[in-house]
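The lines below spell out each chain.
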Amino acid sequence: MATRTQFPRLLQDGVRLLRCERSRNRNSKRFAHHIPQDPRFGLLFDIDGVLTRGRTPIPAAKEAFSKLVDSQGHFKLPVVFVTNAGNTLRQNKARQLSELLEVQVDPEQVVLSHSPLKMFRQFHDKHVLVSGQGPIIEIAKNLGFTKVTDVDTLRNRFPLLDMVDHKRRKHAPCAFEQYFPRIEAVVLFGEPVRWETHLQLILDVLLTDGRPCYLPKEVPDPHMPLLACNMDLMWMAEAPMPRFGHGMFLQCLESVYNKVTGSELKYTGLIGKPSDLTYHHAEHVVETQAQQLGLKQVRTIYAIGDNPEADIYGANLFNKYLQKKVAKARAKKAAQKALRQVELEGTVTAVVEEVGEDVPDMLGCEACESILVHTGVYRPNMEETQERNAYRANHNGHVHRDFKLDPELKKPAYEAEDVDVAIDMIFKIESAH
């Protein structure tokens with residue numbers, strides 16, 4: 001497996017060579033690399049800032065994807081799109097990507113921020129309040145939730161709750177408020193449209209333990225389960241500067257809850273990048289694709305993103321998990337080998353229980369290498385003052401507060417000018433095996 005310690009000169013020279021050639025002739029095919037035979041790797045692509053800016057494809061994206069498909073337009077290796085977007089269905093996102101990239105993208109290749117919620121079966125039969133925009137009720141039901149209420153429905157059932165916008169105020173309470181079934185959990189899919197309404201009603205539900213028509217005797221502690229998808233503080237659209245993401249809404253909700261109650265808002269689950277749960281799910285999708293393509297076990301996953309504090313942090317966090325898994329499995333295998341040798345020599349009569357069952361030769365995916373491109377949130381020419389660098393080294397920055405502060409996790413394994421350069425770099429690394 002190629003790592004930055006094994007191939008530093010090769011990679012540095014390769015990146016310089018690719019950038020130099022690209023600056024001379026963007027359309028040149030001279031240095032185009034090809035997929036190595038029997039690829040043992042898979043690709044995870046972020047979308048906004050890597051492949052598109054809003055609804056506009058980044059020019060390098062089409063060139064990059066032309067190298068990943070055969071003459072029939074079918075992918076020749078596992079390719080998965082991992083995005084923190086959560087306001088759409090997988091099939092709609094796949095259709096949009098197919099049109100923008102001019103390749104056939106299947107819904108099974110798309111991992112949205114809320115995709116891992118399928119695994120939260122303990123909440124699927126609870127009455128949940130959902131927040132976000134787009135077809136969130138349909139999204140929730142597709143994920144397995146059976147009793148779903150959105151904020152607009154709650155507002156109509158309890159018209160006295162939403163008071164910020166004077167034009168939307170209703171002065172007559174609903175006669176059936178007391179019969180409304182108690183809300184048992186809150187699921188935040190993405191940034192809503194009317195933040196003041198969503199902040200107020202979500203807070204009402206949390207403080208009343210799901211019965212917003214009653215005055216609580218005390219603040220519930222702990223409050224009801226709260227699941228949140230997509231922690232991106234900012235994301236890159238067509239505007240010159242990044243735009244507010246769902247992470248900014250979460251920041252507001254956490255601040256309001258703390259100000260009102262004096263306590264910290266607690267999440268039952270945080271889903272989407274940089275959560276390692278999302279990368280576990282993406283790894284499973286990659287392995288499934290490899291099997292469908294008749295390829296061998298994937299050894300390395302390359303995660304390409306534009307945001308150091310979501311894409312890179314998450315990929316590096318998952319890589320740490322993989323390194324621990326591989327080290328543990330190899331240590332166990334070495335112990336088993338040593339035990340068998342001792343048994344063959346006749347010096348022991350019992351199997352050491354701690355060694356356990358045999359470790360398979362194939363350990364699954366062994367590494368997740370992060371690649372940071374310069375076409376989105378991260379811009380290499382943005383100057384950072386010494387004071388700003390010191391602050392970011394000691395604070396989580398854009399990373400959600402519930403994730404461990406580790407500045408090293410924000411550093412990519414590799415950097416590339418754009419996604420096309422990144423693909424050429426990956427092919428070069430893999431061909432060097």
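What this report covers is the structure whose coordinates are included nearby.

Here is what the cut-offs are and how they apply
Residues numbered from 1 in each chain as written. Predicted model: local features only at pLDDT ≥ 70, side-chain atom pairs only at ≥ 80, totals over all residues. Heavy atoms only, no water. Core = buried A, V, L, I, M, F, W, Y, C linked by side-chain atoms within 4.5 Å. Buried < 20%, exposed > 50% of the residue type's maximum accessible area, 1.4 Å probe, protein only. Helix = DSSP H or I, 4+ residues; strand = E, 2+ residues; numbered from the N terminus. Contact = heavy atoms within 4.5 Å. Phe/Tyr/Trp six-rings, centres within 6.5 Å; stacked < 30°, edge-to-face > 60°. Disulfide = S-S within 2.5 Å. Pairing = 2+ DSSP bridges. Axes fitted to C-alpha atoms, helices over the stretch in contact; angles between N-to-C directions.

**Side note on the nonpolar core**
Stage number 1. The biggest cluster of nonpolar side chains holds 39 residues, and the ones touching the most others in it are Leu43, Phe45, Phe65, Leu68, Phe81 and Ile304.
Stage number 2. Elements represented by at least two residues in this core include exactly β1 (41-45), α2 (59-66), β4 (79-82), α3 (90-101), β13 (300-305), β14 (367-373), β15 (414-416) and α11 (419-431).
Stage number 3. When residues of this core are assigned to their parent elements, the largest contribution, 8 residues, is made by α11.
Stage number 4. Among all residues touching Phe45, those that are not within four sequence positions of it are Leu51, Phe65, Leu68, Val79, Val80, Phe81, Val82, Ile304, Val419 and Ile423.
Stage number 5. By size, the runner-up hydrophobic cluster in this structure holds 27 residues, among which are Val151, Phe158, Leu203 and Leu253.

**A closer look at the packing of aromatic side chains**
Stage number 1. The tally for this structure, following the rule as stated, stands at 11 aromatic pairs.
Stage number 2. With centroids separated by 4.9 Å and ring planes inclined at 40°, the aromatic side chains of Phe45 and Phe65 adopt a geometry described as tilted. Residue Phe45 is found in strand β1, and its partner Phe65 is found in helix α2; the two are separated by 20 residues along the sequence.
Stage number 3. Phe45 gets classed as buried once you look at its relative accessible area, which sits at 0%.
Stage number 4. On the numbers, 5.3 Å between centres and 85° between planes, the contact of Phe158 with Phe180 is edge-to-face. Taken together, the positions of Phe158 in the loop between α5 (151-157) and β8 (185-188) and Phe180 in the loop between α5 and β8 put the pair 22 residues apart, joining distant regions of the chain.
Stage number 5. On the basis of relative accessible area, Phe180 is assigned to the buried category, the value being 12%.
Stage number 6. A network of ring pairs unites the aromatic residues Phe45, Phe65, Phe75 and Phe81 as a single cluster.

**Some words on the state of the cysteines**
Two cysteines joined by a covalent bond between their sulfur atoms form a disulfide.
Stage number 1. Under the counting rule described, the total for this entry stands at 0 disulfides.
Stage number 2. The structure places no disulfide on Cys368, whose sulfur is separated from the nearest cysteine sulfur, that of Cys365, by 6.8 Å.

**A short note on the sheet that holds β8**
Stage number 1. Spatially, β7-β6-β8-β9-β12 is the arrangement adopted by the 5 strands of the open sheet, whose pairing is parallel. Among the strands making up the open sheet, the edge pair consists of β7 (147-150) and β12 (269-271). Averaged over all pairs of adjacent strands, the angle between strand axes in this sheet comes to 20°, irrespective of strand direction.
Stage number 2. Sheet topology places strand β6 (residues 127-131) next to β8; 4 bridges connect them, and they run parallel. The residue of β8 that forms the bridge with Ser131 is Leu188.

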